[in-house]
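# Notes for the structure review
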Amino acid sequence: MTTRTRVSLIALFTAVVSVVAPTADAAATRYITVSAQGSVKVVPDAVRINATASAVAASSKDALAATAKTANAVRAALKSAKIDTKDISTQSVTVYPEYKYTNEGGSTLIGYRGSQSFTIIVRAADTAGALVDALVVAGGDNVQINGATPFVLDSTNSLEAARSAAVKSARAKAVSYAKLMGVKLGKVNYLVENSAPTNYTPVMSVAKTESDATVIDLGQQDVTISVTVQWALL
């Protein structure tokens, strides 16, 4: 996976300088606090697919049985695609009456709809489009693809890069302000990570190639970290 670092600076500067009588602790009352943000762009390495097996039948029992048949076909397709069982999770199983509504305001019971929804993690992102096609072939019109979202499976390296960029940005800004004030930076008093790491998920994009195969466009995501650092002033 390749990453291209783009440093986004949001420099919020707060400086407090206290004027006191000269004492041994005078330097401790002088400090500068800077907030900055670091971002890196990352190409997602996995795709999360949401799919639902659904069927309508004359009774709840028959609806669930038909849904189970489609769900089993979905599982077989996932197994053929070498998707590990740990990456397949059922989100819900439902069955409820389904009605047909008329313009006159009346309703007629047409049967019962059963459904089972799945979340599937595809760790080889470039195979996600082919898997979508395989699921539709396996379940036919009883399978709905509710979403296919690229995401970063392991963000350890990108988070480290974002932290490094944020700290470098904060220091550069602090040095700039210290120079303007005619002082020097001393030791770091504290560093706080202001917010949890943020992965900006792109809008799902599913396209068809000339061969009518589904393609999941991965795009890029921003991994961003914000920090606040305080330095003593000399």
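These remarks concern the structure in this document.

What the rule picks out here adds up to four salt bridges. As a salt-bridge pair, Lys-41 and Asp-222 come within 2.9 Å of each other at their nearest N and O atoms. Of the two residues, Lys-41 is situated in strand S3 (residues 30-42) and Asp-222 in strand S12 (residues 221-233); the sequence distance between them amounts to 181 residues. The exposure classification of Lys-41 matches that of Asp-222, with both residues buried.

Here helix H3 (residues 156-181) contains 26 residues, and its C-alpha end-to-end distance of 38 Å stays within 8% of the 38 Å for a straight helix at 1.5 Å per residue. Looking only at H3, the buried set comprises Ser-158, Leu-159, Ala-162, Ala-165, Ala-166, Ser-169, Ala-170, Ala-174 and Ala-178. Looking at the buried side of H3, the elements it contacts are S3, strand S8 (185-193) and S12. Taken from the residues just after H3, Gly-182 is the one with a positive phi, measuring 75 degrees.

The next thing to look at is the packing of helix H1 (residues 60-80) against helix H2 (residues 128-139). Packing of H1 against H2 leaves a shortest axis separation of 8 Å and a crossing angle of 145 degrees. Crossing angle aside, the handedness with which H1 passes H2 is right-handed. Only Leu-131, Ala-134, Leu-135, Ala-138 and Gly-139 of H2 make contact with H1, whose side of the interface consists of Thr-70, Ala-73, Val-74, Ala-77 and Leu-78. The class makeup of the residues in the contact of H1 with H2 is eight nonpolar, two polar and no charged.

A few words on the sheet that holds strand S4 (residues 46-57). Strand order in the open sheet formed by four strands is S5-S6-S4-S7, and the pairing between neighbours is antiparallel. With one partner strand each, in any of the chains shown, strand S5 (88-101) and strand S7 (143-151) form the two edges of the open sheet. Each adjacent strand pair in this sheet contributes to an overall mean axis angle of 15 degrees, direction not counted. In this sheet, strand S6 (residues 107-122) lies alongside S4 in antiparallel orientation, the contact comprising 11 bridges.

Residue placement: Ser-115 occurs in strand S6. A polar side-chain atom of Ser-115 sits 2.5 Å from a polar atom in the side chain of Thr-94. Once residues within four sequence positions are removed from consideration, Ser-115 is found in contact with Thr-52, Ala-53, Ser-54, Thr-67, Ser-92, Val-93 and Thr-94.

Next up on the list: a nonpolar patch on the surface. On the surface, Leu-64, Val-93 and Val-95 cluster together into a nonpolar patch covering about 220 Å² of accessible area. Here Val-93 lies in strand S5. Overall, Val-93 belongs to the exposed group, its relative accessible area being 53%.

Turning next to H2. Structurally, the α-helix is built with 3.6 residues per turn, so residues lying three or four positions apart point the same way. Compared with an ideal rise of 1.5 Å per residue, which puts 12 residues at 16 Å, H2 spans 17 Å between its outermost C-alpha atoms and is within 8% of the ideal. Taken together, the buried positions of H2 are occupied by Ala-128, Gly-129, Leu-131, Val-132, Leu-135 and Gly-139. Looking down the long axis of H2, one finds its buried residues gathered within 160 degrees of arc, a one-sided arrangement. In H2, the exposed positions that point more than 90 degrees away from the buried face belong to Ala-130 and Val-137. The inward-facing, buried residues of H2 abut S4, H1, S6, S7 and strand S11 (214-216). Positioned one or two residues after H2, Gly-140 has a phi angle of 60 degrees, which is positive.

Another aspect to go through is the packing of aromatic side chains. The geometry of an aromatic ring pair is captured by the separation of the ring centres together with the interplanar angle, meaning the angle of the planes. Summed over all chains, the structure comprises one aromatic pair. Note on Tyr-99 and Tyr-101: the rings are 6.3 Å apart at their centroids and 50 degrees apart in plane angle, and the pair reads as tilted. Classification of Tyr-101 as exposed rests on a relative accessible area of 61%. The ring centre of Phe-151 lies 4.1 Å from the NZ or CZ of Arg-48, which sits over that ring.

Rules and cut-offs
Residues numbered from 1 in each chain as written. Predicted model: local features only at pLDDT ≥ 70, side-chain atom pairs only at ≥ 80, totals over all residues. Heavy atoms only, no water. Salt bridge = Lys/Arg side-chain N within 4 Å of Asp/Glu carboxyl O. Helix = DSSP H or I, 4+ residues; strand = E, 2+ residues; numbered from the N terminus. Buried < 20%, exposed > 50% of the residue type's maximum accessible area, 1.4 Å probe, protein only. Expected span 1.5 Å × (residues − 1). Contact = heavy atoms within 4.5 Å. Axes fitted to C-alpha atoms, helices over the stretch in contact; angles between N-to-C directions. Left-handed = near helix turned anticlockwise from the far one by under 90°. Nonpolar A, V, L, I, M, F, W, Y, C, P; charged D, E, K, R; others polar. Pairing = 2+ DSSP bridges. Polar contact = N/O pair within 3.5 Å; in protein donor to acceptor, adjacent residues only side chain to side chain. Patch = residues over 30% accessible without salt bridge, like charges linked within 9 Å, V, L, I, M, F, W, Y side chains within 5 Å. Areas by Shrake-Rupley, 256 points an atom, 1.4 Å probe, with all protein chains shown as cover. Arc of directions from axis to C-beta. Phe/Tyr/Trp six-rings, centres within 6.5 Å; stacked < 30°, edge-to-face > 60°. Lys NZ or Arg CZ within 6 Å of the ring centre and 35° of its normal.

Any functional reading would require information beyond the geometric quantities listed.
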